[in-house]
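Summary of the model geometry
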Amino acid sequence: MLQKIGVLTKEELDTLKKALKEIEELWKKGDFKVTRSQEDGHTAIEQYITEKYGEVGKKIHTGRSRNDQSMTMIRLYSLEQLRLIRQLASDLATAAEARVSDFNAVAMPGYTHMQRAMPTTVGTWLGSFAQGWRDSTKMLDGAIGVLDQNPLGSAAGFGINGLALDRAETAKLLGFQTVQSNPMYCGLSRGMFENVALQAMSLAMVLSSRFATDMMMFTQQETLFLALPDNFVTGSSIMPQKKNYDLFEIMRANGKVFGSLQMQIQETIVGLGSGYHRDLQCTKKAFVEACELGTSTLALLKEVIPALQVREEKLKAAMTEDLYVTDEVYQLVAKGKAFREAYGEAKEAFFKRKAQQEAEASKKPRV
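Because the structure is a prediction, the values reported are computed rather than measured.

Thresholds applied
Residues numbered from 1 in each chain as written. Predicted model: local features only at pLDDT ≥ 70, side-chain atom pairs only at ≥ 80, totals over all residues. Heavy atoms only, no water. Helix = DSSP H or I, 4+ residues; strand = E, 2+ residues; numbered from the N terminus. Contact = heavy atoms within 4.5 Å. Areas by Shrake-Rupley, 256 points an atom, 1.4 Å probe, with all protein chains shown as cover. Lys, Arg positive; Asp, Glu negative; His and termini not counted. Charge placed at Lys NZ, Arg CZ, Asp CG, Glu CD. Expected span 1.5 Å × (residues − 1). Buried < 20%, exposed > 50% of the residue type's maximum accessible area, 1.4 Å probe, protein only. Core = buried A, V, L, I, M, F, W, Y, C linked by side-chain atoms within 4.5 Å. Polar contact = N/O pair within 3.5 Å; in protein donor to acceptor, adjacent residues only side chain to side chain. Phe/Tyr/Trp six-rings, centres within 6.5 Å; stacked < 30°, edge-to-face > 60°. Patch = residues over 30% accessible without salt bridge, like charges linked within 9 Å, V, L, I, M, F, W, Y side chains within 5 Å. Salt bridge = Lys/Arg side-chain N within 4 Å of Asp/Glu carboxyl O. UniProt positions renumbered as here; feature names shortened; annotations may be inferred. Axes fitted to C-alpha atoms, helices over the stretch in contact; angles between N-to-C directions. Parallel < 35°, antiparallel > 145°, perpendicular 65-115°, else oblique. Left-handed = near helix turned anticlockwise from the far one by under 90°. Nonpolar A, V, L, I, M, F, W, Y, C, P; charged D, E, K, R; others polar. Bend = angle between axes of the 7 residues up to and from the residue.

1. Notes on the overall build of the chain
Across its full length, the chain carries twelve helices and six strands. In terms of overall dimensions, the chain has C-alpha extents of about 100 × 55 × 35 Å along its principal axes. Residue pairs at least 24 apart in sequence account for 73% of intrachain contacts in the chain once pairs closer than 6 positions are excluded. On the chain, roughly 20,600 Å² of surface is accessible, and the fraction owed to carbon and sulfur atoms is 54%. Each charge sign in the chain was given a centre, from 46 positive and 44 negative side chains, and these centres are 2 Å apart.

Now the structure itself:
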């Protein structure tokens, strides 16, 4: 872009490209160091080029600030992570949808308040998560649309006067959809856009954490409705019989950790005025950690869903009379009774049957 607007000659552009390639190779080998006196990579790059190639190195920082350079790198990383998580969420939804038809006819208890409630099927249960992960892609698409703006050229947050930068050209070269035109909004969006990205990722993470909780409940010894192959479980150092579903315990916790990282960014930017503040540096670590949690969680679930095993005999035994009482209510409603009257009649009939069953059981001799 600088060559296009006349700041660099063709020869200078070629020299800078060569120098930047050298720096990249040195960095990959661990031989490009940033010293304390240089403060950061931006200064180290300029100094290396100036010392080795002369005056052309002094031109590389033209039309930019460390602020918009850092912001552009974070923006590109954010978009990369959003697209990756969107793909993972879509793949996960597809994997779950593919298993739904396998389990649509397999009855299972539905739960409210962690108590048995009404009959449902394994297919309906798994399908609810599939639809949630599918919907999460829409939120991620929305966030991608918000973030896909080029901040490069906003410099320290006030643009560049006296030099006509071609920001549309840099947007094209960097793969941005459009230019973030107001330079002060570029600065204002730092931290805020990272928060938007994590908010969009949060639906998939919340669903994954809730799925993990269900899996902990349905794989415990008291239910054993579901299971995974042994390569997904861990053992105990003292109890030989144990098979622990640690992955779901960690996944359940990571849903909360993800939320805390997103809140850390939000709380950091709340109360800041416009313009750059060094506080914003503190959002980077939390953002990267949250993105890594999101991608690793969804990637793991992509492996879990196809391996999911259903214990049909356990589920069949769990489909007891109490689950069907609400169905009895609506059978009476279908015959013309008012709902509340039908509710009372079905309730009374159920507890009467239950009392009779308990009385009969108490008469049986204990072994």
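2. Points about helix 8 (residues 246-269)
Here helix 8 contains 24 residues, and its C-alpha end-to-end distance of 35 Å stays within 8% of the 34 Å for a straight helix at 1.5 Å per residue. Among the residues making up helix 8, those that are buried are L247, F248, M251, N254, G255, F258, L261, Q262, I265, T268 and I269. The inward-facing, buried residues of helix 8 contact helix 7 (192-219) and helix 9 (283-307). G271 lies just past helix 8 and shows a positive phi near 95 degrees.

3. Observations regarding the nonpolar core
For soluble globular proteins, the rule of thumb is that nonpolar side chains tend to be buried together. One finds L82, W125, W133, M201, F211 and F248 to be the most contacted residues of the largest nonpolar core, which totals 65 residues. Where this core is concerned, the elements lending two or more residues are helix 3 (66-103), helix 4 (122-147), helix 7, strand 5 (226-227), helix 8, helix 9 and helix 10 (312-318). Here this core takes 13 residues from helix 7, the largest share from any one element. Contact partners of F211, with chain neighbours within four places excluded, come to W125, L126, F129, W133, F248, L301, V304 and I305.

4. As for the side chain of S189
For S189, the location among the structural elements is in helix 6 (residues 183-189). Among the residues examined, S189 registers a relative accessible area of 0% and is labelled buried. Engagement of the side chain of S189 in a polar contact is seen with the side chain of Q180, the distance being 3.1 Å. A distance of 2.7 Å separates a polar atom in the side chain of S189 from the backbone oxygen of C186. Aside from chain neighbours lying at most four places away, what touches S189 is M71, R75, Q180 and E194.

5. Section: the packing of aromatic side chains
Here the structure, examined in full by the defined rule, presents 16 aromatic pairs. For the ring pair Y111 and F218, a centre distance of 5.8 Å and an interplane angle of 45 degrees mean the geometry is tilted. You can see Y111 sitting in strand 1 (residues 107-112) and its partner F218 sitting in helix 7, a full 107 residues away along the chain. Accessibility expressed as a relative area gives 26% for Y111, which makes it partly exposed. Ring centres of W125 and F129 lie 5.8 Å apart, and the angle between their planes is 75 degrees; this geometry places the pair in the edge-to-face category.

6. Some details on a nonpolar patch on the surface
On the surface, a nonpolar cluster with roughly 240 Å² of combined accessible area is contributed by Y185, L188 and M192. With respect to the helices and strands, the residue Y185 is situated in helix 6. Judged by relative accessible area, Y185 falls into the partly exposed class, the value being 31%.

7. Some words on the environment of Y53
Its place among the elements puts Y53 in helix 2 (residues 41-53). When the C-alpha atoms of Y53 and A19 are compared, they prove to be 8.1 Å apart, with 34 residues separating the residues in sequence. Excluding residues that lie within four positions of it along the chain, Y53 makes contacts with T15, K18, A19 and E22. There is a polar contact of 2.3 Å between the side chain of Y53 and the side chain of E22.

8. Things to note about the UniProt feature "domain: Fumarate lyase N-terminal" (unreviewed entry) in the chain
UniProt's entry tags residues 3-253 with the feature "domain: Fumarate lyase N-terminal" (unreviewed entry), counted in the numbering of this structure. Taken end to end, residues 3-253 is 59% helix and 8% strand, and its two terminal C-alpha atoms sit 51 Å from one another.

9. As for the packing of helix 11 (residues 325-334) against helix 12 (residues 339-363)
Think of two packed helices as two axes; the pair is described by the angle between the axes and how far apart they sit. Close contact between helix 11 and helix 12 brings their axes to 8 Å; oriented N to C, the two are set at 135 degrees. Considering the angle they form, helix 11 stands oblique to helix 12. Crossing of helix 11 over helix 12 shows right-handed handedness. Of the residues in helix 12, those in contact with V325, E328, V329, Y330, L332 and V333 of helix 11 are F339, A342, Y343, E345, A346, F350 and R353. Per-class residue counts for the contact of helix 11 with helix 12 are ten nonpolar, no polar and three charged.

10. Examining helix 7
For helix 7, built from 28 residues, the straight-helix expectation of 40 Å at 1.5 Å per residue is met to within 8% by its first-to-last C-alpha distance of 40 Å. Its axis deflected by about 35 degrees at S202, helix 7 carries its strongest bend there.

11. As for the environment of M184
Mapped onto the elements, M184 comes out in helix 6. Residues M184 and S154, 30 residues apart in the sequence, show an inter-C-alpha distance of 7.5 Å. Contact partners of M184, with chain neighbours within four places excluded, come to G157, F158 and S274.

12. Comments concerning the pattern of salt bridges
Applying the stated criterion across every chain, the model contains 23 salt bridges. Note that E25 and K21 form a salt bridge whose closest N and O atoms lie 3.9 Å from each other. Of this pair, E25 and K21 both sit in helix 1 (residues 10-28), separated by four residues, roughly a single helical turn. A salt bridge links R134 to E97, with the shortest nitrogen-to-oxygen separation between them at 2.9 Å. In this pair, R134 is assigned in helix 4 and E97 in helix 3, connecting sequence segments 37 residues apart. The exposure class assigned to R134 is partly exposed, which follows from its relative accessible area of 26%. On the accessibility criterion, E97 (37% relative accessible area) is partly exposed. Each of the salt bridges in this network shares a partner with another, and the network as a whole consists of K21, E24, E25 and K28.

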